[in-house]
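# What the coordinates show
What follows is each chain in one-letter form.
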Amino acid sequence: MSADEVESEVNFMKTYSIIKWDEITKLNNDRKSLNQKVLLGLATREEFLKQIKVELNMLDTCQLKIEQEMKENNTEDINTEILTILSNRINDMYNNMFLLFPVEKTSLLEYIEFCSNNILFITKCSNMLDTLMLRYHSDPEVYITAATYEFDDRNNVESARRYFAEGLKHHENCKNLYVEEFWVEVQHLEKTDGASLPIAIEKYKNLIKRFENDIEFHFILLDRAIKLSAVRELQCNVVRDMIKKYRHSELMWQKLAKIHFDGFIYHQETEQLHYDKNYINGIRNCIKTYENGLKENLPLKNKHKLWNFYIDHIIEIRKSYRMKKETIRNFMNETMERAFQEAHDNKALCKAEYYIYWIENTNKDCHKIMKEAVEVIKDSEELWFNLISYYLSNDSLEMGIEAFQAGVRALKNKSMPLWEILILYMANTHPKLLQQLYHEGSHYPYPEVNCIIRPEYLEWNVVHNGILSTRELFDKLKDVEPECKQLYKSMISFELTQNSGITKIGYIRKLHNTVCNSFGTTDIDVWTDCMRFEYMYGFHKYVKGIYKAAMDSLRSDLQSSMTEEFEKLKEEFKDFDPKDGGVIVIEDDE
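In this text the structure is predicted, and so the values were computed from the model without any measurement.

### Topic: the packing of helix 25 (residues 505-519) against helix 26 (residues 524-537)
In contact at an axis separation of 9 Å, helix 25 and helix 26 are set at 160° when each is read in the N-to-C sense. Taken together, the axis directions place helix 25 and helix 26 in an arrangement best described as roughly antiparallel. The two elements helix 25 and helix 26 cross, and the hand of that crossing is left-handed. Packed against helix 25, whose contacting residues are I505, I508, R509, H512, N513, V515, C516 and F519, the element helix 26 presents V526, W527, D529, C530, F533, E534 and Y537 at the interface. Of the residues assigned to the contact of helix 25 with helix 26, the class counts are 10 nonpolar, 2 polar and 3 charged.

### A short note on empty space enclosed by the protein
Counted under the stated rule, the structure contains 1 cavity of 30 Å³ or more. Looking at the largest cavity, its volume works out to about 40 Å³. Only helix 1 (3-15) and helix 2 (21-40) provide two or more residues apiece to the lining of the largest cavity. With 4 residues, helix 2 is the largest single contributor of residues to the lining of the largest cavity. The class makeup of the residues in the lining of the largest cavity is 5 nonpolar, 1 polar and 2 charged.

### Here's the deal with unusual backbone geometry
The step from E481 to P482 runs through a cis peptide bond, and the omega angle for that step is -5°. One non-glycine residue with positive phi stands out, namely D193, at about 55°. For D193, the location among the structural elements is in the loop between helix 9 (175-191) and helix 10 (197-210). Relative accessible area serves as the criterion here: at 65%, D193 is assigned to the exposed category. In the Ramachandran plot, K412 falls in the positive-phi region, its phi being about 55° despite a non-glycine side chain. Secondary-structure assignment places K412 in the loop between helix 20 (397-411) and helix 21 (416-429).

### Digging into the layout of surface pockets
A volume near 340 Å³ is recorded for the second largest pocket. Taken together, 13 residues form the lining of the second largest pocket, with K26, D30, K50, Q51 and V54 sitting closest to its centre. Looking at the lining of the second largest pocket element by element, the count peaks at 7 residues for helix 2. In terms of residue class, the lining of the second largest pocket is built from 5 nonpolar, 2 polar and 6 charged.

### What about the nonpolar core?
Of all hydrophobic cores here, the largest spans 188 residues; its most connected members are L108, L234 and F340. Tallying contributions element by element places helix 23 (residues 447-477) first for this core, with 10 residues.

### Some points on the confidence of the model for the protein chain
Averaged over all residues, the pLDDT of the protein chain equals 91, while 96% of them reach at least 70. Mean pLDDT values for the elements of the protein chain range from 80 in helix 1 up to 97 in helix 13 (residues 250-261). Across residues 579-590 the pLDDT falls below 50, and counting only partners more than four positions away or on other chains, this stretch makes 25 contacts in the model.

### Section: helix 24 (residues 485-496)
Since there are 3.6 residues in each turn of an α-helix, residues three or four apart along the chain are aligned in direction. In a regular helix each residue adds 1.5 Å, so 12 residues correspond to 16 Å; helix 24 covers 17 Å between its end C-alpha atoms and thus fits that length. Tucked inside the fold, the buried residues of helix 24 contact helix 23 and helix 25.

### Here's the deal with the pattern of salt bridges
Under the counting rule described, the total for this entry stands at 33 salt bridges. D130 serves as the salt-bridge partner of R162, at 3.0 Å between the closest nitrogen and oxygen. In this pair, R162 is assigned in helix 8 (residues 157-170) and D130 in helix 6 (residues 125-132), connecting sequence segments 32 residues apart. Looking at R162, the relative accessible area reads 40%, which means it is partly exposed. Owing to a relative accessible area of 25%, D130 belongs among the partly exposed residues under this scheme.

### What to know about the packing of aromatic side chains
All chains considered together, the criterion is met by 27 aromatic pairs. Plain terms: the ring middles of Y290 and Y310 are 5.1 Å apart, the flat faces sit at 20° to each other, and that makes the pair stacked. Placement of the pair is Y290 in helix 14 (residues 279-295) and Y310 in helix 15 (residues 300-319), with a sequence separation of 20 residues. Looking at Y310, the relative accessible area reads 2%, which means it is buried. When the centroid spacing of 5.8 Å and the interplanar angle of 45° are considered together, the rings of Y438 and W460 count as tilted. Here Y438, found in helix 22 (residues 431-442), pairs with W460, found in helix 23; they are 22 residues apart in sequence, far enough to count as distant. Both residues of the pair, Y438 and W460, count as buried. The residue whose ring lies beneath K227 is W183, and the NZ or CZ to ring-centre distance is 5.2 Å. Against the face of F331 rests R284, its NZ or CZ located 4.3 Å from the ring centre.

Rules of the game
- Numbering of residues starts from 1 in every chain and runs along the sequence as written.
- Where totals are concerned, whole chains, interfaces and linings use all residues; where local detail is concerned, this predicted model gives features only for residues with pLDDT of at least 70, and gives and counts side-chain atom pairs only at 80 or more.
- As a convention, hydrogens and water are excluded, and side-chain values are obtained from all of the structure's heavy atoms.
- Lines fitted to C-alpha atoms define the axes, with helix axes restricted to the stretch in contact, and inter-axis angles between N-to-C directions lie between 0 and 180 degrees.
- Runs of E in the DSSP output that reach at least two residues are strands. Runs of H or I that reach at least four are helices, and both are numbered from the N terminus.
- Small angles under 35 degrees read as roughly parallel and large ones over 145 as roughly antiparallel, with 65 to 115 read as roughly perpendicular and the rest as oblique.
- Should the near helix be turned anticlockwise from the far one by less than a right angle, the crossing is left-handed, and should it be turned clockwise, the crossing is right-handed.
- Should any heavy atoms of two residues lie within 4.5 Å, those residues are considered in contact.
- Gly counts as polar in this scheme, as do all residues outside two lists: the nonpolar Ala, Val, Leu, Ile, Met, Phe, Trp, Tyr, Cys and Pro, and the charged Asp, Glu, Lys and Arg.
- Here a cavity denotes grid points, spaced 1 Å and computed from the protein atoms alone, that fit a 1.4 Å probe unable to get out, and a pocket denotes an open set having protein on both sides within 12 Å along at least 5 of 7 lines; residues with an atom within 4 Å of a point are the lining.
- Grid points are joined across faces, edges and corners, and a volume is the space filled by probe spheres set on the points.
- Exposure categories follow from relative accessible area, calculated using a 1.4 Å probe and restricted to protein chains: below 20% of the type maximum is buried, above 50% is exposed, and the middle band is partly exposed.
- Take the buried residues of types Ala, Val, Leu, Ile, Met, Phe, Trp, Tyr and Cys, join any two whose side-chain atoms come within 4.5 Å, and each joined set is a nonpolar core.
- A residue's pLDDT is the predictor's confidence in that residue, given on a scale from 0 to 100.
- To estimate how far a helix should reach, multiply one less than its number of residues by 1.5 Å.
- A side-chain nitrogen of Lys or Arg and a carboxyl oxygen of Asp or Glu constitute a salt bridge if their distance falls within 4 Å.
- Between 30 and 60 degrees the pair is tilted, below 30 it is stacked and above 60 it is edge-to-face, where a pair is any two Phe, Tyr or Trp rings, Trp via its six-membered ring, whose centres lie within 6.5 Å.
- Charge-over-ring placement is defined geometrically: NZ (Lys) or CZ (Arg) within 6 Å of the ring centre, and within 35 degrees of the ring normal.

Here it is in structure tokens:
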């Protein structure tokens, strides 16, 4: 800064009390310190950014003060030289930082924003970008950021093209650079009302040649091309090439159907593209496109994928707001029935959710669809559950049992929902058959089922047949593999509720011991339950021995938690006398 600029700045700060004198002194010292470090090659990027932030805050403060003075004094006759001084200083600091250190996208964006906000006070922004873009930048986003700014903010397509070209010299395989360059040409084509079409077409042709057979890249170009309305000829080229090049790809037919759905209708006979704002026409053309694609000679695997795309889109349309009109509802209902049936006939309806949707929305016999669904997809819990529910809701027990047995064979360890629905139905309608079902479930060779049903069976039995029968049943169920913790806990609970007291204390103690021995390596609760039992119904002197056994058995990572639980129990029962509880303790008569 010149001496006059320094003096002008100090005068402004003092006149309008922006900052105190000692703060002005510190600010100037910090500036001198940074300049000295730059000269010595010792400055860091962080120091530049810190000082730039200080200067930006100062600039904001001065702008606010000037606006305030103008408003209060109803005048615009205020010297704004301070804004030019500060803006140029900040601009120089950014320039120095960019020349000394690799340019980062974030910093460049901040600099561009600064230039845009202070365009009246600085004129060097674009010149600086010209200098910067002649250098190598490891991040291609730097070139994109600069080029986008030139095109969007400065309406300078030539500079934007130059920056993209410079970036592509160093990052020739960066797809995003090519895409953003193409997008600028698409926007420029719109601005020039088609005058720049030859340039846009040439860029496009070079791109699809460079990324030949890259269908996803082609889709990205298409998405950019159809964003604007006045570039129809370019759009026609992109769509026409996509169809010719990727006709045997299910992804192409899905993409074509989607743009038709969005209103961009391509006529393959005339090779022309137009936009139709009537969404019903978009839906009809979308459906027709999927059906045309399914007539193509695609490999079976790819055709099945296209069926999935088609079914998904039908569901999406039927769930959308576009179904308000009766005509389109009727059309989509007919389309759904036809598409789902044809997909099923072609063994392409391969997701349970598709059949479930069909069943829930069909006007036809859903029972037939249910039966066909479980024949195609045998491992769907929901499909089997729906079929069995259908039979049971219509009181077709024989058909329900037949479907249950088939479903259980198919689902194996995932069949618990089927057991649950049949148990619930029989409990309400055929209690005599329920015990047989419980017996079968308790011995079913998958723990995911039998470990749930065995405790349920025991509970049902104690209610209907009493404790003596339940003890006999327990002796049989406990030998079924694997051991079931809940079975033992249920039996302990039943014994504790007999005759308002304990009649088989030794027997219950053995049950607790078995549970602790079987599950005590990883389960703290079985040990605390055992100790609580001795406190309440047995002998306090046994508790320490149980705690010691627990510490010997539990994994090391659980031992501290076990100690905490033991201390809580001791505190809870320190004044407890089982005799005071009115509990009659009778040793086993075994």
